[in-house]
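Topology and contacts: notes
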Amino acid sequence: MVESIICRDYRALSDRAAEIVLDTVRTNPEAVLILPTGSTPVGMYARLRKSEADFSGVSTMNLDEYCDLPAEHPQSYRSFMQKHLFSGVNLQPEKIAFPKWEGNITEQCRRYDAHIEAFPRIDLAILGIGPNGHIGFNEPDDYLIAGTHEVVLANETRAANKRFFAKEAVPERAVTMGIAPIFRAERVLLLAAGEQKCAVVHRALSDKVTPRLPASVLQLHKHVTVLLTEEGS
Ligand code: PGA
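Residues numbered from 1 in each chain as written. Predicted model: local features only at pLDDT ≥ 70, side-chain atom pairs only at ≥ 80, totals over all residues. Heavy atoms only, no water.

1. As for the packing of helix α1 (residues 10–27) against helix α2 (residues 42–51)
- The contact between α1 and α2 brings their axes to 8 Å, and the two run at 55°. Here α1 is positioned oblique relative to α2, judged by the angle of their axes. Here α1 runs over α2; the crossing is right-handed. Side by side, α1 and α2 meet where Tyr10, Arg11, Ser14, Asp15, Ala17, Ala18, Val21 and Leu22 of the first sit next to Val42, Gly43, Met44, Arg47, Leu48 and Ser51 of the second. (Axes fitted to C-alpha atoms, helices over the stretch in contact; angles between N-to-C directions. Helix = DSSP H or I, 4+ residues; strand = E, 2+ residues; numbered from the N terminus. Parallel < 35°, antiparallel > 145°, perpendicular 65-115°, else oblique. Left-handed = near helix turned anticlockwise from the far one by under 90°. Contact = heavy atoms within 4.5 Å.)

Shown next as structure tokens:
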């Protein structure tokens, strides 16, 4: 079931997204959350930081991480999360998880899947969407992958993310959670800000389900809330 909510502007989208997260955490103080990075969730994270809600029992797992950037690199997703959320809420460091790329990637992916699978319940998966319809870094391809895996980023993704990298090249590879944990989540919250994103969401949710447009698979999920606004983030 997909419910779409059109928000007046980016501020309203961020308010609504934060409310959904806070409701989840109030209902279950030990909630398990899947978290996104990117410019779209920045407003939501700002509201969570201001909320003074109790995150001490909450566990988080991030969707993806660039390969070849050390965790402390300013453009790593770990640094992004530190800045936008972790530094401002009382999440316990041992309850925060990221996919890792260092050393043997296949082994790192297997470990991340084992970590995810150990949770009997995933309460909420929050997702952005790429201009090419990717979710996490599950890029358009001939197939979708259930588990955590290494991915070569699509040219479109690297071009879109260039804005975050002043001089350096955008990494070519990343590690991403696969589709399975998103489907295990009781609820998915998909955030899309800007006309281009709204158009991709519309295509993904109103046409055929295809791995060429990974977000289209959300049509098959039991509970998806899409927050849309034409105003960019
Ligand atoms: P954005 O990225 O929020 O920075 O647009 C979303 C995504 O690529 O998943």
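From this point, the narrative continues.
2. A word on the layout of surface pockets
- Estimated volume of the largest pocket: approximately 580 Å³.
- Around the largest pocket sit 33 residues that line it, and Thr37, Gly38, Ser39, Tyr77 and Phe164 are the ones nearest its centre.
- Counting residues per element, the ones that place at least two in the lining of the largest pocket are β4 (64–66), α3 (77–84), α5 (155–161) and α7 (195–206).
- The biggest single contributor to the lining of the largest pocket is α3, with five residues.
- Class assignment for the residues of the lining of the largest pocket results in 14 nonpolar, 15 polar and four charged.
- The computed volume of the second largest pocket comes to approximately 160 Å³. (1 Å grid on protein atoms, 1.4 Å probe; cavity = no way out; pocket = protein on both sides within 12 Å on 5 of 7 lines; lining within 4 Å. Points joined across faces, edges and corners; volume = space filled by probe spheres on them. Nonpolar A, V, L, I, M, F, W, Y, C, P; charged D, E, K, R; others polar.)

3. So, the pattern of salt bridges
- One pass over the full model with this rule turns up ten salt bridges.
- Across the salt bridge formed by Glu107 and Arg111, the nearest N and O atoms sit 3.6 Å from each other. Of the two residues, Glu107 and Arg111 both sit in helix α4 (residues 105–117), four residues apart, roughly one turn of that helix.
- Note on Glu107: relative accessible area 27%, which makes it partly exposed. (Salt bridge = Lys/Arg side-chain N within 4 Å of Asp/Glu carboxyl O. Buried < 20%, exposed > 50% of the residue type's maximum accessible area, 1.4 Å probe, protein only.)

4. What to know about the sheet that holds strand β6 (residues 122–127)
- Spatially, β1-β10-β9-β6-β2-β3-β5 is the arrangement adopted by the seven strands of the open sheet, whose pairing is parallel. Both outer strands of the open sheet, β1 (2–6) and β5 (96–97), are each paired with one neighbouring strand and no more.
- With six bridges joining them, strand β9 (residues 185–193) and strand β10 (residues 224–229) adopt parallel strand pairing. Residue Leu191 lies in a different strand from β10, and its bridge partner there is Leu227. (Pairing = 2+ DSSP bridges.)

5. A closer look at the site of the ligand
- Neighbouring residues of the ligand: Gly38, Ser39, Thr40, Gly128, Ile129, Gly130, His134, Arg163 and Lys197.
- Between Arg163 and the ligand, the recorded distance is 3.0 Å, taken from a side-chain N or O atom to an oxygen atom.
- Here an oxygen atom of the ligand and a side-chain polar atom of Lys197 are 2.5 Å apart.
- Here the ligand loses 86% of its free accessible area of 280 Å² to cover by the protein chains. (Near = heavy atom within 4 Å. Polar contact = N/O pair within 3.5 Å; in protein donor to acceptor, adjacent residues only side chain to side chain. Areas by Shrake-Rupley, 256 points an atom, 1.4 Å probe, with all protein chains shown as cover.)

6. A few points about the sheet that holds β4
- The antiparallel open sheet is built from three strands, whose spatial order is β4-β8-β7. Across the chains shown, the open sheet's two edge strands, defined by having one partner strand only, are β4 and β7 (149–152). Across the sheet, the mean angle separating the axes of adjacent strands is 25° when strand polarity is ignored.
- Pairing analysis gives four bridges linking β7 to strand β8 (residues 173–176), with the strands arranged antiparallel. Bridge pairing in β8 places Val152 opposite Arg173.

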